[in-house]
Amino acid sequence: MSLLTVGSVAFDKLETPFGKTDKIIGGAATFITLTASYFVKENNLVAVVGEDFPQEMIDTLVSHGVNVDGLEIRKGEKSFFWHGRYHNDMNSRDTVEVQLNVMENFDPKIPESYQDCDFLMLGNTAPAIQHLVLKRLNKRPKFVLLDTMNLWIDIALDDLKALLKDVDCVTINDEEARMLSGDYSLRRAAKTIMAMGPKTLIIKKGEHGALLFQNDDIFFCPALPLEEVFDPTGAGDTFAGGFISHLAKTDDLSFENMKRAIVYGSAMASFCVERFGSERIQNLTQDEIAARVEEFRKLATFVL
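To keep things clear, this report deals only with the structure shown in the data block. (Residues numbered from 1 in each chain as written. Predicted model: local features only at pLDDT ≥ 70, side-chain atom pairs only at ≥ 80, totals over all residues. Heavy atoms only, no water.)

### Topic: the environment of Gln99
Phase 1: Position of Gln99 among the secondary structure elements: in strand β8 (residues 93-99).
Phase 2: Owing to a relative accessible area of 26%, Gln99 belongs among the partly exposed residues under this scheme.
Phase 3: The spatial distance from the C-alpha of Gln99 to the C-alpha of Phe80 is 5.8 Å, given a sequence separation of 19 residues.
Phase 4: Ignoring sequence-local partners within four residues, the contact set of Gln99 consists of Ser79, Phe80 and Phe81. (Helix = DSSP H or I, 4+ residues; strand = E, 2+ residues; numbered from the N terminus. Buried < 20%, exposed > 50% of the residue type's maximum accessible area, 1.4 Å probe, protein only. Contact = heavy atoms within 4.5 Å.)

### Considerations on the pattern of salt bridges
Phase 1: Scanning the entire structure with this criterion turns up 17 salt bridges.
Phase 2: A salt bridge links Asp107 to Arg136; the nearest nitrogen and oxygen atoms lie 2.8 Å apart. Of this pair, Asp107 sits in the loop between β8 and β9 (119-122) while Arg136 sits in helix α3 (residues 127-136), and the two are 29 residues apart along the sequence.
Phase 3: Note on Arg136: relative accessible area 31%, which makes it partly exposed.
Phase 4: Close ionic contact of Lys259 with Glu256 constitutes a salt bridge, the shortest N to O distance being 3.1 Å. Here Lys259 pairs with Glu256, and both are found in helix α9 (residues 255-272), just three residues apart, close to one helical turn.
Phase 5: Glu256 gets classed as partly exposed once you look at its relative accessible area, which sits at 45%.
Phase 6: Salt bridges here are not isolated pairs; linked through shared partners, they connect Glu72, Arg74, Glu77, Asp107, Lys109 and Arg136. (Salt bridge = Lys/Arg side-chain N within 4 Å of Asp/Glu carboxyl O.)

### Some details on the packing of aromatic side chains
Phase 1: All told, the structure shown has five aromatic pairs when counted by the stated rule.
Phase 2: Ring geometry for Phe18 against Phe230: centres 4.8 Å apart, planes inclined by 40°, an arrangement best described as tilted. You can see Phe18 sitting in the loop between β2 (10-16) and β3 (19-20) and its partner Phe230 sitting in the loop between β14 (217-221) and α8 (235-250), a full 212 residues away along the chain.
Phase 3: Ring centres of Phe39 and Tyr264 lie 5.8 Å apart, and the angle between their planes is 90°; on these two criteria the pair is classed as edge-to-face. Of the two residues, Phe39 sits in the loop between α1 (28-36) and β5 (43-50) while Tyr264 sits in helix α9, which places them 225 residues apart along the sequence. (Phe/Tyr/Trp six-rings, centres within 6.5 Å; stacked < 30°, edge-to-face > 60°.)

### Concerning α1
Phase 1: The element α1 is extensively covered by neighbouring structure, given that nine of its nine residues are classed as buried.
Phase 2: Looking at α1, one finds that the buried residues are Ala28, Ala29, Thr30, Phe31, Ile32, Thr33, Leu34, Thr35 and Ala36.

### Things to note about the packing of α8 against α9
Any two packed helices are characterised by how steeply their axes cross, that is the angle between the axes, and by the distance between the axes.
Phase 1: Running from N to C, α8 and α9 point in directions that differ by 140°, and their axes come no closer than 7 Å. By the angle class used here, α8 and α9 are oblique. α9 is crossed by α8, and the crossing has right-handed handedness. Here Ala235, Thr238, Phe239, Gly242, Phe243, His246, Leu247 and Thr250 of α8 come into contact with α9, specifically with Asn257, Met258, Arg260, Ala261, Ile262, Tyr264, Gly265, Ser266, Met268, Ala269 and Cys272.
Phase 2: Each residue belonging to the contact of α8 with α9 can be placed in one class, and the counts come to eleven nonpolar, seven polar and one charged. (Axes fitted to C-alpha atoms, helices over the stretch in contact; angles between N-to-C directions. Parallel < 35°, antiparallel > 145°, perpendicular 65-115°, else oblique. Left-handed = near helix turned anticlockwise from the far one by under 90°. Nonpolar A, V, L, I, M, F, W, Y, C, P; charged D, E, K, R; others polar.)

### Some words on the nonpolar core
Phase 1: Of all hydrophobic cores here, the largest spans 57 residues; its most connected members are Leu45, Phe53, Phe143, Leu145 and Phe243.
Phase 2: The leading source of residues in this core is α9, at ten residues.
Phase 3: Residue contacts for Leu45: discarding those within four places in its chain leaves Thr5, Val9, Ala29, Thr33, Leu61, Val66, Asn67, Val68, Gly70, Leu71 and Tyr114.
Phase 4: Ranked by size, the runner-up nonpolar core spans 45 residues in total, among them Trp82, Tyr114, Ile153 and Phe276. (Core = buried A, V, L, I, M, F, W, Y, C linked by side-chain atoms within 4.5 Å.)

### Some details on the side chain of Arg292
Phase 1: Among the secondary structure elements, Arg292 is positioned in helix α11 (residues 286-300).
Phase 2: Polar contacts involving the side chain of Arg292 include one to the side chain of Ser270, which spans 2.7 Å.
Phase 3: Every residue in contact with Arg292, bar those within four places of it in the chain, is listed here: Leu224, Leu226, Ala267, Ser270, Phe271 and Glu274. (Polar contact = N/O pair within 3.5 Å; in protein donor to acceptor, adjacent residues only side chain to side chain.)

### What about the packing of α1 against α8?
Phase 1: The N-to-C vectors of α1 and α8 enclose an angle of 40°; their axes lie 8 Å apart at closest approach. Classed by the angle they form, the pair α1 and α8 counts as oblique. Once α1 is placed against α8, the crossing between them reads as right-handed. Contact residues: α1 offers Ala28, Phe31, Ile32, Thr35 and Ala36, while α8 offers Asp237, Thr238, Gly241, Gly242 and Ser245.
Phase 2: For the contact of α1 with α8, the per-class residue count stands at four nonpolar, five polar and one charged.

### Some points on the sheet that holds strand β6 (residues 66-74)
Phase 1: Read from one edge to the other, the open sheet built from nine strands follows the order β6-β5-β1-β9-β10-β11-β12-β13-β14, with strand pairing classed as mixed. Each edge of the open sheet is held by one strand with a lone partner, namely β6 and β14. The sheet shows a mean angle of 15° between the axes of neighbouring strands, taken without regard to direction.
Phase 2: Note that strand β13 (residues 210-214) and β14 share five bridges and pair antiparallel. Bridge pairing in β14 places Ala210 opposite Cys221.
Phase 3: Packed on one face of the sheet, helix α6 (residues 174-181) meets β11 (169-173) and β12 (200-204) and runs near 110° to β11. (Pairing = 2+ DSSP bridges.)

Here it is, written out as C-alpha cells:
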C-alpha cells in the first residue's frame, strides 16, 4: 500500500538538559517519512524547503526510499526554522524563535504519480492547508490520519472542525484533547471529538503512553521507560509515522491491528528520543525494531 505524507521539512535548533545543537534537520514530514521507510515501499513526500536546504539531507531521504518528487525547493527563499528549549522534565518546552519562511505560504502540489495513494498522513500544518491536500486528490484514500496541535485549536478552530469531518483518525495529546472537547475526562473528550467526524482517535500522553479510541473500544499502550531521553522533538511525528505505516504495510484497518500499530508507533518514538533530531531514526535495523517491539510486548503482557 502506498503512503503519502504532507508536512514540514525544516531546520531545528534545540536545547535540552543533555546539550544543545546548531541547526539540524527536523520537520514533521522528515520524521514521518524516515520512520515509514522501515515499513512501506511506496513512501511519498509533499513538502517545501528553501534554497538553503542541504542536498545531503535530500539524498538521505532518497537513500531511505522516500520519493521526493513532491518536495518543492524555492530558490532565493529560506526553509522553516524552529528554535526550542526544553525544561528539565523534558515534557514542556519554550519556543525561543520561529521563522515560517517558505511555510508561510505553503501551497502543497500533489504530483500525478501520488494521486492514487492508499494512506494519507496529514502532518501538523494549518488545517486549511491539510484540507486543501484532500481536495487536490482525485480520489479519497482508504485511510486519512490527521495530526494537529493546540495552536490550530486556538487560532483556526472553524477550519479544524471542517477538516475533522473528512478524516478517519486524529492524533493529539491529552492537553489538546481537553481543549478541543472542553472536557477534562479523556474518555468523554474522546467521544466528543469522534462525534465531530473521525471514527478513531489517538490521545498521546508522552512518557505515560498513548490511548486508542474507536466507538466504545479503548486500548492503552504504555511508553517504554528509558534510562535517558536526549531530545523529544519529533517523537510525536515518529509515533504517527510508525502507526500509519504499519497499517499501510499490513493493509488491515481492524481495531486489533490498530492496537499493534500503536505499539509499533510507540517503539519507533522510543528510538527517536535517544538522539538529537532524526539521527537515531536514520540508522535503525529491522532486528532492532523487532527487539524493541518485543520489549513493549513484555511490558504490557500478564496472565490472570
